[in-house]
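Okay, here's what each chain looks like letter by letter:
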Amino acid sequence: MTDQNTPAQDAAPANATLLKILGRLLSALDASISGKDRSILVHDLSHFNLDGVSEAERKLAAELIKRALQSLDH
């Protein structure tokens with residue numbers, strides 16, 4: 001029996017790092033962005049186009065966008 005890791009399993013450590021980085025960026029954004037700029041960023045993220053992105057990358061990008069929107073849209 002061979003060990004067959006999926007791309008998502010192989011990328012798990014990288015994903016965790018990206019999620020930590022996103023958290024830090026969102027904290028900085030939350031502290032510095034307000035009003036119209038925040039609304040524009042939320043709108044742009046809500047309509048971000050993931051066409052042409054692989055399924056594994058799409059799942060990660062969707063999770064990153066979801067977390068960003070949750071942080072910014074409060």
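Residues numbered from 1 in each chain as written. Predicted model: local features only at pLDDT ≥ 70, side-chain atom pairs only at ≥ 80, totals over all residues. Heavy atoms only, no water.

Considering the overall build of the chain
What counts here: Numbering goes from the N terminus for both helices and strands, where a helix is a DSSP run of H or I of at least four residues and a strand is a run of E of at least two. Burial classes follow relative accessibility: with a 1.4 Å probe on protein chains only, a residue under 20% of its type's maximum area counts as buried, one over 50% as exposed, and anything between as partly exposed. Note on definitions: a residue-residue contact is assigned when non-hydrogen atoms from the two residues lie within 4.5 Å. All accessibility values rest on the Shrake-Rupley procedure with a 1.4 Å probe; residue burial counts only the protein chains present in the view.
A count of helical and extended segments in the chain gives three helices and zero strands. Split into buried and exposed, the 74 residues of the chain put 18% on the buried side. Nonlocal contacts in the chain, meaning residues at least 24 apart in sequence, comprise 68% of its contacts between residues at least 6 apart. Only carbon and sulfur atoms are counted for the fraction: they give 57% of the accessible area of the chain, which is about 5,700 Å².

A few points about the confidence of the model for the chain
Applicable threshold: Values of pLDDT, which run from 0 to 100, indicate the predictor's confidence residue by residue.
With 80% of its residues at a pLDDT of at least 70, the chain reaches an overall mean of 80. Across the chain, the element-wise mean pLDDT spans from 75 in helix α1 (residues 7–32) up to 89 in helix α2 (residues 35–46). Across residues 6–10, confidence stays below pLDDT 50; counting only partners more than four residues off in sequence or on other chains, it has two contacts.

Things to note about the pattern of salt bridges
Cut-off, in case you're wondering: Criterion for a salt bridge: a side-chain nitrogen of Lys or Arg within 4 Å of a carboxyl oxygen of Asp or Glu.
Tallying each qualifying case throughout the model produces three salt bridges. One salt bridge connects Glu-63 with Lys-66, and the closest N-O pair in it is separated by 3.8 Å. Placement of both Glu-63 and Lys-66 in helix α3 (residues 55–72) is noted, with a separation of three residues, approximately one turn of the helix. We note a salt bridge from Glu-63 to Arg-67, for which the minimum N-O separation is 2.7 Å. In this pair, Glu-63 and Arg-67 are both assigned in helix α3, four residues apart and thus about one turn of the helix distant. Its relative accessible area of 35% is what places Arg-67 among the partly exposed residues. One salt-bridge network, in which partners are shared between bridges, spans Glu-63, Lys-66 and Arg-67.

Quick notes on the nonpolar core
We count it as follows: Take the buried residues of types Ala, Val, Leu, Ile, Met, Phe, Trp, Tyr and Cys, join any two whose side-chain atoms come within 4.5 Å, and each joined set is a nonpolar core.
Leu-22, Leu-26, Ile-33, Val-42, Leu-45, Ile-65, Ala-68, Leu-69 and Leu-72 form the largest nonpolar core, which has nine residues in total. No other element matches α3, which puts four residues into this core. For Leu-69, the residues in contact, after removing those within four places along its chain, are Val-42, Leu-45 and Ser-46.

Quick notes on α2
Heads up, the condition is: One fewer than the residue count of a helix, multiplied by 1.5 Å, yields its expected span. The arc refers to the directions leading from the helix axis to the C-beta atoms.
Its twelve residues place the ends of α2 17 Å apart at the C-alpha level, agreeing with the 16 Å of an ideal helix rising 1.5 Å per residue. Those residues of α2 lying buried are Arg-38, Val-42 and Leu-45. With its buried residues spanning 70° around the axis, α2 presents them on a single face. Away from the buried face of α2 by more than 90 degrees, exposed residues Lys-36 and Asp-37 are located.

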